[in-house]
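Summary of the model geometry
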Amino acid sequence: TRILRREHVNYEETKYIFSELVSTLFFQKEAQKYTLEQLAIELSNKKRMETEVNKYLTLVSLAGESHCGPCSAYLIEMMQQNPHSVLAYRIIGALSLIKDPKSVNPLIELGREQAPHLLKEVIYAIASIGGEEAQGFLFTLSTGHPNPDVRQIASTAIAHYSNE
């Protein structure tokens, strides 16, 4: 606390850094509790999703960070059941890290019905997963979507991910 009282230290910035550090440490500790199969089983527990939302969101993030292939089916199901939620955002991020090609089509379907801000997340997820279906969808968006911002994001995603 003495260090935080000095004038040259920004208290809010330091508080944010400590918060991120604690969050990262918690995340690492939680990740050690699960094998990929156990994580998939936990994600399949729909009751947990309804009663322990924060825990479930943590499990979704762990699935992505762990590249949990067995979790993809459960994540896709939850994303389809909750397309307009915070959970959908978290699942899109997890699927982009897992890179399961089976998630491209459900992401495309989700993206067709969404506002541009969520479609942007879908675009980046699909681009990171890759494949012919993903490239086709991105090309279609980049050349034919009515929103110029979406066209630009899709074009950028194609250029960025085709160079990887």
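Report on the accompanying structure.

Thresholds applied
Residues numbered from 1 in each chain as written. Predicted model: local features only at pLDDT ≥ 70, side-chain atom pairs only at ≥ 80, totals over all residues. Heavy atoms only, no water. Helix = DSSP H or I, 4+ residues; strand = E, 2+ residues; numbered from the N terminus. Expected span 1.5 Å × (residues − 1). Buried < 20%, exposed > 50% of the residue type's maximum accessible area, 1.4 Å probe, protein only. Disulfide = S-S within 2.5 Å. Core = buried A, V, L, I, M, F, W, Y, C linked by side-chain atoms within 4.5 Å. Contact = heavy atoms within 4.5 Å. Salt bridge = Lys/Arg side-chain N within 4 Å of Asp/Glu carboxyl O.

1. Some details on helix 9 (residues 116-129)
The terminal C-alpha atoms of helix 9 lie 20 Å apart, and with 14 residues this matches the ideal 20 Å at 1.5 Å per residue to within 8%. For helix 9, every residue scored as buried is listed here: Leu118, Leu119, Val122, Ile123, Ala125, Ile126, Ala127, Ser128 and Ile129. With its phi angle positive at about 80°, Gly130 sits one or two positions after the end of helix 9.

2. What about the state of the cysteines?
In a disulfide, the sulfur atoms of two cysteines are covalently bonded to one another. Applying the stated rule across the entire model yields one disulfide. The disulfide that involves Cys68 links it to Cys71, with 2.2 Å between the sulfurs. Classification of the bridge connecting Cys68 and Cys71 rests on its S-S torsion, roughly 65°, and on that basis the disulfide is right-handed.

3. Focus: unusual backbone geometry
At His67, a position not held by glycine, the phi torsion is positive, near 55°. Tracing the backbone through its elements, the reader meets His67 in the loop between helix 5 (53-65) and helix 6 (72-81). The exposure class of His67 is partly exposed, given its relative accessible area of 47%.

4. Considerations on the nonpolar core
Residues Leu75, Leu107, Ile123 and Ile126 are the most contacted members of the largest nonpolar core, which totals 44 residues. Those elements that place two or more of their residues in this core are helix 3 (36-43), helix 5, helix 6, helix 7 (86-98), helix 8 (104-112), helix 9, helix 10 (132-144) and helix 11 (148-162). Tallying contributions element by element places helix 9 first for this core, with eight residues. Apart from the residues lying within four places of it in its own chain, the contact partners of Ile123 are Leu138, Leu141, Val150, Ile153, Ala154 and Ala157.

5. Looking at the pattern of salt bridges
Using the criterion set out here, one finds two salt bridges in the structure. In this structure, Glu77 and Lys46 form a salt bridge, with 2.6 Å as the shortest nitrogen-oxygen distance. Of this pair, Glu77 sits in helix 6 while Lys46 sits in helix 4 (residues 46-51); the two residues are 31 residues apart in sequence, bridging distant segments of the chain. In this structure, the salt-bridge partner of Arg112 is Glu109, at a minimum N-O distance of 3.0 Å. Of the two residues, Arg112 and Glu109 are both situated in helix 8; the distance of three residues between them amounts to about one turn of the helix.

Any link to function would need more than the numbers given here.
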